[in-house]
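A closer look at the structure
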Amino acid sequence: MKYIEEINFIKKLYRNDEHVMLHAPIFMGNEKKYLDDCIDTTFVSSVGQYVDRFEKDISSYTGATRAVVCVNGTMALFMALKLCEVKPDDEIITQPLTFIATANAIAYCNAQPVFCDVDEETMGLSSRAVRKWLEENAELRADGCFDKKNGRRISAVVPMHTFGNPVKIDDFVKLCEEWKLALVEDAAESIGSFYKGRHTGTFGKVGCMSFNGNKTITCGGGGMVLFMDSELGEKAKHLTTQAKIPHRWEFRHDAIGYNLRMPNVNAALGCAQLECIDKILANKRETAMAYREYFSNSKEIKYFDEPKDCKSNFWFNSILLPNKKAQQEFLEETNDNGVQTRPIWELMNRLPMYKNCQCDDLKNAIMFADRVVNIPSGYRK
Ligand SMILES: *Cc1c(COP(=O)(O)O)cnc(C)c1O
């Protein structure tokens, strides 16, 4: 076996000889207590103190003016685009190297994704690539930004903080101002990740988080929409709760709203998890440092390190194999021998639903797709 040393290192790191998982939730705080409380009080559904508290706790942790719970991260992205007035046939610029939810949320709005390359240092959307694509393809008019080739409106840019590594988000803030585009951050993977001291998801018009079971902290399932503009936040709350006009007994609605509420039981789990986030992040950072050190001695494998000017949550650690063949070999050997690993996602533009979308050369995205493997990154007991 070619990668037996790496396999043994990971097993030793996790003190587990049988099966090291890629990631698993960790419960060490008030999770059971808060869940019991939901059951004892009968508040298990979409109303309850934990829903309000989770929103307040996330907004104070991230520095967002307003945080609104959502049923999951995918729907949080969909809501974010709706709140940015994305219309059918609009073009939305994002990265091809992401989890499917980013592209699907665009498709739910009947808009068209445009895939621009990722940055070599962050694995997230490259502002340089987006700027180049806009300069070649777009024109600025009094009423917004338009694709010169087909006349479509370009309404938003959606960078994703890949594996918790923040993109160079201040470049996007500038670029979106210049080109009159809404900035939506897919911060689904980046709770606990900061760019120049500020939490990811609070730079754009809207930020989206996920609390799925495989994320840094979990609600079982859940999401959050982050805002610096409190008015837009209130609009999000209204739209995600069936656009019901608050009243003690009347059922009146003033728009076509959605039922995207997070049940109190899920929020209870989230509150308990967030109380432990510093401990979880410190533990993940230690693991990352162990990998950094170990792979610094490898001739063949490169550890993908924290980009500069930021603090990563090290949600998933990534290594780069020299080429596709080595990537496949590494995946096979590790998964056959009790160490769960996986390749980075298939590029969106290679999937049947998105194969006709516009792209640039995607040089870095293709390089990462051929070489990246995620290695076990969960909490080490
Ligand atoms: C997890 C994730 C989401 C949202 O996921 P949900 O499972 O719907 O909560 C969105 N975008 C990215 C990049 C993700 O990793």
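Structure: see above.
Residues numbered from 1 in each chain as written. Predicted model: local features only at pLDDT ≥ 70, side-chain atom pairs only at ≥ 80, totals over all residues. Heavy atoms only, no water.

Summed over all chains, the structure comprises 17 aromatic pairs. Look at Tyr61 and Phe194: their rings are 6.3 Å apart centre to centre, the planes differ by 70°, and that puts the pair in the edge-to-face class. One end of the pair, Tyr61, is in helix H3 (residues 49-62); the other, Phe194, is in strand E8 (residues 194-195), and 133 residues separate them in sequence. What makes Tyr61 partly exposed here is its relative accessible area of 22%. Relative accessible area serves as the criterion here: at 18%, Phe194 is assigned to the buried category. (Phe/Tyr/Trp six-rings, centres within 6.5 Å; stacked < 30°, edge-to-face > 60°. Helix = DSSP H or I, 4+ residues; strand = E, 2+ residues; numbered from the N terminus. Buried < 20%, exposed > 50% of the residue type's maximum accessible area, 1.4 Å probe, protein only.)

Around the ligand, a shell composed of 16 residues is seen, among which Gly73, Thr74, Glu189, Ser210 and Lys215 lie nearest. Out of a free accessible area of 380 Å², the ligand has 92% covered by protein chains. At the level of secondary structure, the elements contributing two or more residues to the shell around the ligand comprise helix H4 (73-83) and helix H5 (100-108). For the shell around the ligand, the element with the most residues is H4, which contributes three residues. Taken together, the residues of the shell around the ligand break down into five nonpolar, eight polar and three charged. (Near = heavy atom within 4 Å. Areas by Shrake-Rupley, 256 points an atom, 1.4 Å probe, with all protein chains shown as cover. Nonpolar A, V, L, I, M, F, W, Y, C, P; charged D, E, K, R; others polar.)

With that settled, the discussion passes to the side chain of Asn313. If you trace the backbone, Asn313 turns up in the loop between strand E13 (310-311) and strand E14 (317-320). Among the residues examined, Asn313 registers a relative accessible area of 1% and is labelled buried. At 2.9 Å, the side chain of Asn313 forms a polar contact with the backbone nitrogen of Trp315. Those residues in contact with Asn313 that sit more than four places away from it in its chain are Phe163, Gly164, Glu189, Ser190, Ile191, Gly192, Ser193, Thr216, Leu281 and Lys284. (Polar contact = N/O pair within 3.5 Å; in protein donor to acceptor, adjacent residues only side chain to side chain. Contact = heavy atoms within 4.5 Å.)

Below, the discussion takes up the pairing of strand E3 (residues 112-115). Along a regular strand, successive side chains alternate from one face of the sheet to the other. Pairing analysis gives four bridges linking strand E2 (residues 91-94) to E3, with the strands arranged parallel. Note that in E3 the partner of Thr94 across the bridge is Phe115. Where the polypeptide runs from E2 across H5 and back to E3, its parallel neighbour, the crossover connection is right-handed. Bridge count between E3 and strand E16 (residues 358-359): two bridges; the pairing is parallel. Residue pairing in the sheet places Phe115 in a bridge with Cys359 of E16. (Pairing = 2+ DSSP bridges. Right-handed = clockwise from strand over helix to strand, strands pointing away.)

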